[in-house]
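# A look at the structure
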Amino acid sequence: MATPKDPTTKPDELAAPLDLLLTSATKPFASRMMPNATWARLAGNLAQHPGAVADRVGALTRELGGIAIGKSHRAPARADKRFADPAWQENPLLHRIMQAYLAGSETAEELIADANLEWRDNEKMRFVMDNFVEGLAPSNNPLLSPLGWKALIDTGGLSAIRGARAFARDMLSKPRVPAMVEPDAFAVGETLAITKGAVVLQTSVFELIQYAPQTTKVRAIPLLMVPPVINKYYVMDIAPGRSMIEYFVQQGQQVFTISWRNPHARHRDWGFDSYGAAIIEAMDAAEKITGADRTHLLATCSGGILAAMTAAHLAEIGEGDRVAGLNLAVTVLDETRAGFAAAAMSDRAAQAAVRVSARKGYLDGRDMAELFAWLRPTDLVWRYVVNNYVQGRKPAPFDVLFWNADTTRMAAALHRDLVLMGLRNALVIPGGVSMLGSAVDLTKITADAYVVGGVADHISPWQATYRSARRLGSKDNRYVLSTSGHIAALVNPPGNPKASFRTGPVEAEDPEQWLDSAEKFAGSWWPDYVSWLAERSGQEVESPKVLGGEDLPPLGPAPGSYVMEK
């Protein structure tokens, strides 16, 4: 528990899908850590196994004795960077403190396992224990941290002043966690989201951006990208050389993207139907501009949920052929026991969350950002506590973290629709939820599908994305498992020597069986998707000389105005 876990072993245990962000984000973090009935069941179960508890406590006591006299060989895992400074090994006192912490954290994890809790309680207690144990790490303590003492000496005490200022700044406003990037590290439209294009349609809900071709010929059938509704779109057009949109345009694809408006309280009634209608309106515009009668949809995370529901609606009304191909990336449609979120979900929690957003008119993205950080406390909280506060340093600039901090709100009606759908896992039930008046039945989606998951994804666990792919009615359904997590699986440009992906048809019922049989390739999945896309995008045609079309003139340059709204 105290050391980083291997994401390829039990990813479901690390998962905390969208449902958790949408329900628990409305509650203060401290309230999720307070003793409750789950704690009582843990204590009761352990009381039924006094022998096992005595053995654990005895073993820990003996090891602490060995640590005190310098006879313990306990060491941090190779991947544990918290104790990388040589002082943790060379200073006898620090070395013993580190060993005692590691022994205690391992015992805590073993006791939870010994309690043999029902899976919901087990997930909840692991979340609580992970945060307690990670917070108690001696590497976080400014009085013990060798990094802190070295910074204090090197700066003549200025590091302490800088750290105190950074702490005060971060705690005075949401999200109350250490800043992972400075607010001026990047600028949208200047250093991020700079692929050349134009806004060709603006509605009250979204802007549609068309990107300028970078090849003399382009594929006839356009690609419409549908971003998440809880973040801004430009993660798909991040820094040059890392931009998915830039890469697709360079490969001769006609690319459009939706840029969702950041809703305010007056937009509280925007729900499933509002966003489904927006996707269809964007498809209409892309097809009118390009002269095509079909559109590819590439949708990510919550945008993938909406795109799949919209595709099901089109199939229900006899227009399913308009979807030339459906690419769902890090998207969970089947939320069967998808980790901690499923454990935390209850009707009471769901209704309470819905009431909170209904009062405000929206769910605040800063609340989701705070919860997101505490889901990975070592990487997203305590690492920055040490860097920002203990060492008094500014965090290193990183484009994805800048995007992550550029939060958005979610309209109350959409929040309600997503929470209640997740509570019932309604998408797996034909007719369990509706879109634009049509009963949603995923099995009626017949467009070829290309579904992408991330092996270390703790928002959309890859097993859940694989099960989701099997819910589609597509006859040609390709699943791709990329390296890395929720965002790095997407921002995955060619050229990374550590990147790889597995791919194969969605035939095996068990995700692990699929993993055993899938073919592995080195590099990024982007070129594989471009080849898949090209086979389904029609003939090459002359690149358009101007952007926009009849009744859809360019309204301004990309990245547009909605992405700038706070």
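Below is a summary of the structure that appears in this document.

About the cut-offs
Residues numbered from 1 in each chain as written. Predicted model: local features only at pLDDT ≥ 70, side-chain atom pairs only at ≥ 80, totals over all residues. Heavy atoms only, no water. Axes fitted to C-alpha atoms, helices over the stretch in contact; angles between N-to-C directions. Helix = DSSP H or I, 4+ residues; strand = E, 2+ residues; numbered from the N terminus. Parallel < 35°, antiparallel > 145°, perpendicular 65-115°, else oblique. Contact = heavy atoms within 4.5 Å. Nonpolar A, V, L, I, M, F, W, Y, C, P; charged D, E, K, R; others polar. Core = buried A, V, L, I, M, F, W, Y, C linked by side-chain atoms within 4.5 Å. Buried < 20%, exposed > 50% of the residue type's maximum accessible area, 1.4 Å probe, protein only. Phe/Tyr/Trp six-rings, centres within 6.5 Å; stacked < 30°, edge-to-face > 60°. Lys NZ or Arg CZ within 6 Å of the ring centre and 35° of its normal. Salt bridge = Lys/Arg side-chain N within 4 Å of Asp/Glu carboxyl O. Patch = residues over 30% accessible without salt bridge, like charges linked within 9 Å, V, L, I, M, F, W, Y side chains within 5 Å. Areas by Shrake-Rupley, 256 points an atom, 1.4 Å probe, with all protein chains shown as cover. Lys, Arg positive; Asp, Glu negative; His and termini not counted. Charge placed at Lys NZ, Arg CZ, Asp CG, Glu CD. Expected span 1.5 Å × (residues − 1). Pairing = 2+ DSSP bridges.

### Some remarks on the packing of helix α4 (residues 37–47) against helix α8 (residues 119–135)
- With their axes 10 Å apart at the nearest point, α4 and α8 run at an angle of 95° to one another. With respect to α8, the element α4 is oriented roughly perpendicular. Every residue of α8 that contacts α4 at Thr38, Trp39, Arg41 and Leu42 is listed here: Asp121, Lys124, Met125, Val128 and Phe132.
- Here the contact of α4 with α8 is composed, by residue class, of 5 nonpolar, 1 polar and 3 charged.

### A look at the nonpolar core
- Leu208 and Trp260 are the most contacted members of the largest nonpolar core, which has 66 residues in total.
- In this structure, Leu208 is in contact with Ala198, Val199, Val200, Leu201, Leu224, Phe256, Thr257, Ile258, Ala282, Ala285 and Ala286, ignoring residues within four places of it in sequence.
- Formed by 62 residues, the second largest nonpolar core is a distinct cluster that contains Val255, Phe372, Leu375 and Val491.

### Considering the packing of aromatic side chains
- Counted under the stated rule, the structure contains 22 aromatic pairs.
- Relative to Tyr529, the ring of Trp525 has its centre 6.1 Å away and its plane inclined at 65°; by these criteria the two rings are edge-to-face. There is no split in this pair, since Trp525 and Tyr529 are both buried.
- Here a set of aromatic residues connected by ring pairs shows up, and it is made of Tyr247, Phe248, Tyr450, Trp525, Trp526, Tyr529 and Trp532.
- The aromatic ring of Tyr362 is capped on one face by Arg409, whose charged end is 5.7 Å from the ring centroid.

### Observations regarding helix α20 (residues 462–471)
- With respect to burial, α20 is a largely interior element, 7 of its 10 residues being buried.
- Taken residue by residue, α20 has Trp462, Gln463, Ala464, Thr465, Tyr466, Ser468 and Ala469 as its buried positions.

### Overview of the pattern of salt bridges
- Following the criterion strictly, the structure yields 26 salt bridges and no others.
- Asp417 is the partner of Arg416 in a salt bridge, and the nearest nitrogen-oxygen pair spans 3.0 Å.
- For Arg416, a relative accessible area of 36% puts it in the partly exposed group.
- Two residues, Asp448 and Arg536, come together in a salt bridge whose shortest N-O distance is 2.9 Å. Residue Asp448 is found in the loop between β11 (438–439) and β12 (449–454), and its partner Arg536 is found in the loop between α22 (526–534) and β16 (540–542); the two are separated by 88 residues along the sequence.

### Section: the environment of Leu333
- Tracing the backbone shows Leu333 in the loop between β7 (323–329) and α14 (340–344).
- Taking the C-alpha atoms as reference points, Leu333 and Arg56, separated by 277 residues in sequence, lie 41 Å from one another.
- Not counting the four nearest positions on each side in its chain, Leu333 is found in contact with Gly304, Ile305, Ala308, Leu328, Asn425, Leu427, Val428, Leu442, Ser468 and Leu472.

### What about a negative patch on the surface?
- Among the surface-exposed residues, Glu509, Asp510, Glu512 and Asp516 lie close enough to one another that they form a single negatively charged patch.
- If you trace the backbone, Asp516 turns up in helix α21 (residues 511–517).
- Asp516 gets classed as exposed once you look at its relative accessible area, which sits at 68%.

### Description of helix α5 (residues 50–68)
- The terminal C-alpha atoms of α5 lie 27 Å apart, and with 19 residues this matches the ideal 27 Å at 1.5 Å per residue to within 8%.
- Those residues of α5 lying buried are Gly58, Gly66 and Ile67.
- Downstream of α5 by one or two residues, Gly70 has phi in the positive range, about 80°.

### Quick word on the pairing of strand β1 (residues 197–202)
- For β1, the buried fraction is high: 5 of the 6 residues fall into the buried class.
- Note that β1 and strand β2 (residues 206–211) share 5 bridges and pair antiparallel. Within the sheet, the bridge partner assigned to Val199 lies in β2 and is Ile209.
- Between the antiparallel neighbours β1 and β2 lie 3 residues.
- Relative to strand β17 (residues 556–557), β1 runs antiparallel, the two being bridged by 2 bridges. When the sheet's bridge partners are listed, Val199 is paired in β17 with Gly556.

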